[in-house]
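# Residue-level structural notes
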Amino acid sequence: LPTVACAQSLDPTFTPPAIYQLGTVYSTLEQPDGMRVVAGRFIRVNGTAASGLVRLTATGTLDATFLQNLGAADGMYRPRLLPNGQLLVISTGS
């Protein structure tokens with residue numbers, strides 16, 4: 001999940017998180033504030049429980065204020081930012 005700075009070079013301040021167990025990232029979305037929403041099929045990120053959807057800070061650390069508790073470790077796809085600031089995410093979970 002490396003980020004690209006404006007000059008099309010790798011951003012040295014971004015540290016990719018460790019995605020655990022099932023460990024598949026399907027898509028990401030960069031928000032206007034520099035945060036990244038990561039969607040996929042995983043249950044832990046950097047040792048913290050996560051059910052397929054997390055938000056990372058601009059430096060790659062887990063955003064603890066992003067509480068979603070969707071319980072969808074089967075898979076999360078294609079996060080989209082709606083005009084009202086909410087996220088729309090596709091899930092394969094039940």
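Before reading on, note that the structure itself is shown above.
As a starting point, this report considers the structure included with it. (Residues numbered from 1 in each chain as written. Predicted model: local features only at pLDDT ≥ 70, side-chain atom pairs only at ≥ 80, totals over all residues. Heavy atoms only, no water.)

### Notes on the sheet that holds strand β2 (residues 24-30)
- With respect to topology, three strands assemble into an open sheet ordered β2-β3-β6, the strand pairing being antiparallel. Two strands in the sheet have a free side with no partner beyond their single neighbour: β2 and β6 (53-56). Strand-to-strand, the axes of this sheet are offset by a mean angle of 25°, without reference to chain direction.
- Bridging between β2 and strand β3 (residues 36-41) involves six bridges; their strand directions are antiparallel. Counted as the bridge partner of V25 is G40 from β3. (Pairing = 2+ DSSP bridges. Helix = DSSP H or I, 4+ residues; strand = E, 2+ residues; numbered from the N terminus. Axes fitted to C-alpha atoms, helices over the stretch in contact; angles between N-to-C directions.)

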